[in-house]
Structure formats: C-alpha cells, structure tokens
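Observations on the model geometry
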Amino acid sequence: MRATFDSVAGCYQQARPEYPTDLIDELVRLADLRSSDHLLEIGCATGTATRALAERGYRITCVELGGELAAAAQRNLSDYPMVDVLQGSFETYRPASAGLYDLVFAATSWHWLDPDLRYRRAHELLRPDGHLAFWSATHVFPDAGDPFFREIQPIYDEIDAGLGSAALFPRPGELPDQTEEIEATELFSDVDVVQFDWEIAYDANHYIGLLETFSGHIAMKPWQRKRLYGEIRRRLAVRPDGLLRRHWGAALHVARRRD
C-alpha cells in the first residue's frame, strides 16, 4: 500500500497540508539542531516537511520510494542546493559510511516502514548522540468538531470501505504515544513527545482531492469512489458555506541515539 502514493504525485503537493511552524520549531529545539547539521529524511514525498527545514539552511538527504514522488520533490526543492533527493527504499539505503547524520526524520511515513528494521537502520545511520524524529498528520476529532465525518461513515460501510467497530476517533492531544516502543528497542533514549493540532476548511473539490492522496481511497474501485464522492458533494452542497472543517493532529516523537 505504501507504493500507491506514487500514482498521485501530481496532486499530492496541493492536497496535503503544511505542517505547523510550531512543530518544526519544536523539532529543531528537541533535536538540538545546529546550522551545519546533516539530516536524512525518510519518504519525503513531494517535499513538504523538507522545505520547512531547508528554509532554515540545513543540509538534507531525502530517500523517497516512489519515482514520480522523488521527481516531484526534486522539482519542488530545486531552489535549495543543500537538498539531495534519492529514489529508493530506506530499508535498503546504504550511504558511503554509517553514522553520517545528525537527525533521521520521517514526516507521515514512519508507520509504512518495516517495524523490524526501522529503528535499527536509523540507529546505524545516526552519529553518536544524534536524534530520530517522526510524526504523522492524521485526523483528530475535537468534541465541538465538524460532525460530517461521523455522518458520512454509513456511506463507507455501504461501499465496503468502513472503518469497523474498532475504529478510533482520537481527540486533539490524544494521539498514540510510542515512547514504550522506542525505549523497548534499547537503541534510543530521552524520548520527548509533543502533540499539535490545527484545522483546515475544505470545499468539496479540495476535500475530494485530499482523499485521492490517501492509500485506502487510491485503492478503491471506481464505483466506490463515484458513490462516496457523489455523496460528499451532495451533502456539502446543502451547507450554507459549502465547507467542511477537518481537524488535523500530529504527535512529534524525538529520541536520542544510544551508543
């Protein structure tokens, strides 16, 4: 499923949200980044998180699985000569020598990596006392949030794409904390977790464009998308402003490499 994103490289940059400046500021602080540091990004997609750090002058090497996404990132980041985008998988990435990087980070890609390899590979690529960081932009549900998403679930069930009874609807600030998983590897310590949330309003076209970049929707059959997207358009058309409000959340994890 992680390879499906390459098929929507053309609309990924426009559809996916920017990360909050506060998140990037906190990443820089917790990872104790200096102007001369060399960063490795896992799965840069079209370069959204990359750009936020490249603007601060860091040298960044990106490893992106998808060929189309890597090409898009190269175009989007062409104004930053200290950024290199390589096409390939993080699990098999082999630089000239180990221990090169001050920070290894993944923005909404860490969960796609092989869980038996990801921490060990990050540890191998970091210098002593370097840092690992990861976060994901995901849907959160404030108590006073837009009810649209719960109301549309019966349509997902109808097209056999429902979340199931075990689905979670986390509130802002309640995203999973992976500290125990990180510490259990015995490869990292001094774990910090900071949660962020923000809201974006979408009209029907922009919201459907966003859905088209999610792996589950990319994998849908044409009849499923037609039914779902038609219902989304119908329901938003009767709202006075034609908009829905989607609340985003991210749990930033930063950990120091243990020798």
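Quick note: structure is the one above.
Since this is a predicted model, take the numbers as computed values, not measurements.

A few words on unusual backbone geometry. At Asp 32, a residue that is not glycine, the phi angle is positive and equals roughly 50°. Inspection of the secondary structure assignment puts Asp 32 in the loop between α2 (21–30) and β1 (38–42). Positive phi, normally seen in glycine, also occurs at Asp 160, with a value near 60°. Inspection of the secondary structure puts Asp 160 in the loop between α7 (153–158) and α8 (179–184).

Moving on, we come to the layout of surface pockets. Unfilled space is identified by rolling a water-sized probe across the atoms. Of the pockets and cavities examined, the second largest pocket occupies roughly 180 Å³. Surrounding the second largest pocket, 15 residues form its lining, Phe 141, Pro 142, Gly 145, Asp 146 and Arg 150 being those nearest its centre. Grouping the constituent residues of the lining of the second largest pocket by class yields 6 nonpolar, 3 polar and 6 charged.

Let's shift gears to the environment of Tyr 19. Examined against the element boundaries, Tyr 19 turns out to sit in the loop between α1 (9–15) and α2. The spatial distance from the C-alpha of Tyr 19 to the C-alpha of Val 140 is 15 Å, given a sequence separation of 121 residues. Sequence-distant contacts of Tyr 19, defined by excluding residues within four places in its chain, comprise Thr 48, Ala 49, Ala 107, Thr 108, Trp 135 and Ala 137. Of note is the side chain of Tyr 19, whose polar atom sits 2.8 Å from the side chain of Thr 108.

Turning our attention to helix α5 (residues 118–125). Most of α5 sits out of view: 6 of its 8 residues are buried. Every buried residue of α5 is accounted for by Arg 118, Tyr 119, Arg 121, Ala 122, His 123 and Leu 125. Against the buried residues of α5 lie β1, β4 (101–107), β5 (126–135), α8, β7 (188–202) and β8 (244–257).

Moving on, we get to the packing of aromatic side chains. Under the definition given, this model contains 12 aromatic pairs. Here the aromatic rings of Phe 141 and Phe 169 are separated by 4.9 Å at their centres, their planes lie at 70°, and the arrangement is edge-to-face. Residue Phe 141 is found in the loop between β6 (138–139) and α6 (148–151), and its partner Phe 169 is found in the loop between α7 and α8; the two are separated by 28 residues along the sequence. Ring geometry for Phe 149 against Tyr 207: centres 6.0 Å apart, planes inclined by 65°, an arrangement best described as edge-to-face. Here Tyr 207 lies in helix α9 (residues 204–211) and Phe 149 lies in helix α6, a separation of 58 residues in the sequence.

One finds Leu 53, Ile 60, Phe 105, Trp 135, Tyr 207, Leu 228 and Ile 232 to be the most contacted residues of the largest nonpolar core, which totals 54 residues. Within the second largest apolar cluster, 20 residues are counted, among which are Trp 110, Tyr 119, Leu 132 and Val 191.

What counts and how
- Residues numbered from 1 in each chain as written.
- Predicted model: local features only at pLDDT ≥ 70, side-chain atom pairs only at ≥ 80, totals over all residues.
- Heavy atoms only, no water.
- Helix = DSSP H or I, 4+ residues; strand = E, 2+ residues; numbered from the N terminus.
- 1 Å grid on protein atoms, 1.4 Å probe; cavity = no way out; pocket = protein on both sides within 12 Å on 5 of 7 lines; lining within 4 Å.
- Points joined across faces, edges and corners; volume = space filled by probe spheres on them.
- Nonpolar A, V, L, I, M, F, W, Y, C, P; charged D, E, K, R; others polar.
- Contact = heavy atoms within 4.5 Å.
- Polar contact = N/O pair within 3.5 Å; in protein donor to acceptor, adjacent residues only side chain to side chain.
- Buried < 20%, exposed > 50% of the residue type's maximum accessible area, 1.4 Å probe, protein only.
- Phe/Tyr/Trp six-rings, centres within 6.5 Å; stacked < 30°, edge-to-face > 60°.
- Core = buried A, V, L, I, M, F, W, Y, C linked by side-chain atoms within 4.5 Å.

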